[in-house]
Every structure is written in structure tokens, then in C-alpha cells.
Amino acid sequence: MITDMERIGDQAEDIAEIIQFLAGRSAENDDLLREMARSTIHMVTESVDAYVQRDTMLAETVIAEDDVVDNAFDEVKRRLIDKITAHPEDGAYALDLLMIAKYFERIGDHAVNLLRVAREIHDKDLKFSEKAQQELEVFTGAIIEILNITTDAFVENNLQLSYEVEPLEQVIDSLKVELKNRHIRRLQEGKCTIELGFVLSDILNNFERVSDHCSNIAVCLIQIKDSTMDTHGYLNEIKTSGDPRFTGYYNRFTSKYTLPESHHKKAPQPQEVPLKS
């Protein structure tokens, strides 16, 4: 499950090149692809809700929607094969579009994987401590917001929203590290179990990978406007140059998604933006 999410995250530069190539070109597949984007992001949010609410009926909805996404991908694939046959000169364009469709189809698969974690919690009647649950609610809220921002940025091609994604992704990375540290301390104090630790690790890693992918999509949208932009160079620059827009969003999200107080928690340093390797 984690490996699958990492593979999507590792495709940032490929996706950027593809979307840049597609920019300004219209095709009958675009609307269907946008619907796939909406559906796959919706699946992730519903998987989160199924976990939070322990809602087995909602879980079935996610499974059904995965079938819809799979069918949409099959239709996109069929259309593109027909396009390649009828217009061989557009073969590169059609194959690139097919790759994007495949990435969205994989996101749907990963939403189902996340759903399995929710089912494990339900089936084994696992319960986090009240403090851990409060912490997860903060983390989940950040995940839901980054998904919503990313979906709107992608579907509406809203460049301004794209700039909000990377700062929030950095906040999510920091939250994940702190949540893992807190869990380790609870284990040491006998307040949590190894089994819950495995479940928590699955949740945190999958949520983090989802936010990584949101970051990748946002960078792709920004790169469309600047074809000379280097993806990794851009990310390093905005996080080390003191970019006021990035710092402003980062501080805002840091304040919004603050974990409950912990006796072991160090005072937050909102001005220090963590640099992701």
C-alpha cells in the first residue's frame, strides 16, 4: 500500500511534462479525465470519513465508486486507442493523456487500500486513546483541506490555489513526525499497544503520501505557466528563499492545524519552514 502511494509521488516530473504538453489542447477526453480526478479525490475523502465515522455503508460506497473510476479509465483508454489508430500523428499526445488517466485510476486504488485500514479498525474494534484520537482529527482535517484545495486547483486550473498546497503539505509532514514521536512516547509509557501502532503507521504514511501527490499536482499546474521551471529547483527555492507568500501560507496552516498540548511537545516555530529532502 505504501509502495503504491510512493510510486505516484515519484512521478512529479513526468506528470509535469505531460500536463505542459497538454496545455492549450482540447480533446473529447478532457471532461472524462476531469471527472476521474473528481471521483478519485472524492474516494479518498470518503475513505477518510469511513475511518473517522466507522461507517461500513460509506465503505461500500467507496468500493462502488472505484468501479466507476475503473470503468472511466477503460473508456478513456478505448477512446485513445481509437484516436491513435485514426490519427497516428497524435500518438504521443494520446499516450501522454493515457498516463495521466492511469495515475488517477491508481489514486482510486489507493483510496481502497486506505479503506482497508478503516475496516481493520472496525473489525478488530480497535480504539485509540482520547488524546491520540484528538491528534488524528487535526491531522485528518489537514488532509481533507489539502485534497479540497488540490481538486479545486486542478479542475478549475486555479493557479492561486496551487500556491497554497505546498505550504500545507509541509505542515502535514511536520504533523506526521510529531504524531509518530507522541505514539512512541505512549508506547514507552504503556499507554498504547503495538497493534495500534501498526494501524497508526498505515494511516499516517498513507495520508502523507496523499498530501505528497497533492503537492505534485499543484507543482504541475504552476509549471504549466512557466515551462522553464525546474520542479525540484522550484520547491527548494520557495522553502529556502523566504518567499513571503509561501511563508504566509505555511504560518497560517501551522496555526490552524495545531495539535493538542503535550507535556513533551516543544514550542512551535512557525517561521522555520522544514526542508523536505
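Residues numbered from 1 in each chain as written. Predicted model: local features only at pLDDT ≥ 70, side-chain atom pairs only at ≥ 80, totals over all residues. Heavy atoms only, no water.

*Asks:* An account of the nonpolar core is requested, with residue identities and associated values reported.
*Replies:* If you look at the biggest cluster of nonpolar residues, it comprises 69 residues, and the most contacted ones within it are Met36, Ile121, Phe128, Phe139, Leu168 and Ile203. At the level of secondary structure, the elements contributing two or more residues to this core comprise α3 (30-53), α4 (56-86), α5 (91-123), α6 (130-156), α7 (159-188), α8 (194-225) and α10 (244-256). Per element, the largest residue contribution to this core is twelve residues, and it comes from α8. Residues in contact with isoleucine 203, not counting those within four places in the same chain, are Tyr51, Val117, Ile121, Phe128 and Leu136. (Core = buried A, V, L, I, M, F, W, Y, C linked by side-chain atoms within 4.5 Å. Buried < 20%, exposed > 50% of the residue type's maximum accessible area, 1.4 Å probe, protein only. Helix = DSSP H or I, 4+ residues; strand = E, 2+ residues; numbered from the N terminus. Contact = heavy atoms within 4.5 Å.)

*Asks:* Break down the pattern of salt bridges for me, citing the residues and quoting the values.
*Replies:* Under the criterion given, the structure shown has 16 salt bridges. The shortest N-O distance in the salt bridge between glutamate 135 and arginine 186 comes to 2.9 Å. Remark: arginine 186 occurs in helix α7 and glutamate 135 occurs in helix α6; sequence separation between them is 51 residues. Each member of the pair, glutamate 135 as well as arginine 186, carries the same accessibility label: buried. A salt bridge links glutamate 189 to lysine 191; its shortest N-O distance comes to 3.3 Å. Given a relative accessible area of 56%, lysine 191 falls into the exposed group. Where salt bridges share partners, they join Glu135, Glu178, Arg182, Arg185 and Arg186 into one cluster. (Salt bridge = Lys/Arg side-chain N within 4 Å of Asp/Glu carboxyl O.)

*Asks:* Before we move on, can you summarise the packing of aromatic side chains with the specific residues and values?
*Replies:* A complete count under the given rule lists two aromatic pairs for this structure. Between phenylalanine 246 and tyrosine 250, the aromatic rings sit 6.4 Å apart at their centres with planes inclined by 10°, giving stacked as the arrangement. One end of the pair is phenylalanine 246 and the other is tyrosine 250, both in helix α10 and four residues apart, which spans about a single turn. Comparing phenylalanine 246 with tyrosine 250, the two get one shared label, buried. (Phe/Tyr/Trp six-rings, centres within 6.5 Å; stacked < 30°, edge-to-face > 60°.)

*Asks:* Before we move on, could you go through α6 and cite the residues and values that matter?
*Replies:* Its 27 residues give α6 an end-to-end C-alpha distance of 39 Å, which sits within 8% of 39 Å, the value for a rise of 1.5 Å per residue. At the exit of α6 stands asparagine 157, carrying a positive phi of roughly 50°. (Expected span 1.5 Å × (residues − 1).)

*Asks:* Describe α10, naming the residues involved and giving the relevant values.
*Replies:* Taking 1.5 Å of rise per residue, 13 residues should cover 18 Å, and α10 covers 18 Å from first to last C-alpha, within 8% of that figure. For α10, every residue scored as buried is listed here: Phe246, Thr247, Tyr249, Tyr250, Asn251, Phe253 and Thr254.

*Asks:* Now, about the side chain of glutamate 135: what can you tell me, with residues and values included?
*Replies:* Residue classification places glutamate 135 among the buried residues on the basis of a relative accessible area of 1%. Ignoring sequence-local partners within four residues, the contact set of glutamate 135 consists of Leu179, Arg182, Arg186, Leu259 and Pro260.

*Asks:* Tell me about the packing of α7 against α10, residues and numbers included.
*Replies:* In helix packing, the relevant descriptors are the interaxial angle and the interaxial distance, both defined with respect to the helix axes. Contact geometry for α7 and α10: axes closest at 8 Å, N-to-C directions at 50°. Between α7 and α10, the angle is such that the two are oblique. The two elements α7 and α10 meet at a crossing, and its hand is right-handed. Only Arg245, Phe246, Tyr249, Tyr250, Arg252, Phe253 and Thr254 of α10 make contact with α7, whose side of the interface consists of Gln160, Tyr163, Glu164, Glu166, Pro167, Leu168, Gln170, Val171 and Ser174. For the contact of α7 with α10, the class distribution of residues is eight nonpolar, four polar and four charged. (Axes fitted to C-alpha atoms, helices over the stretch in contact; angles between N-to-C directions. Parallel < 35°, antiparallel > 145°, perpendicular 65-115°, else oblique. Left-handed = near helix turned anticlockwise from the far one by under 90°. Nonpolar A, V, L, I, M, F, W, Y, C, P; charged D, E, K, R; others polar.)

*Asks:* Mind laying out the packing of α6 against α7, listing which residues take part and the relevant values?
*Replies:* Close contact between α6 and α7 brings their axes to 10 Å; oriented N to C, the two are set at 160°. Taken together, α6 and α7 sit at an angle that is classed as roughly antiparallel. In the packing of α6 onto α7, the handedness of the crossing is left-handed. Where α6 approaches α7, its residues Lys131, Ala132, Glu135, Phe139, Ala142, Ile143, Glu145, Ile146, Ile149, Thr150, Asp152 and Ala153 are matched on the opposing element by Leu161, Ser162, Glu164, Val165, Leu168, Glu169, Ile172, Leu175, Lys176, Leu179, Arg182 and Arg186. Taken together, the residues that form the contact of α6 with α7 break down as 13 nonpolar, two polar and nine charged.

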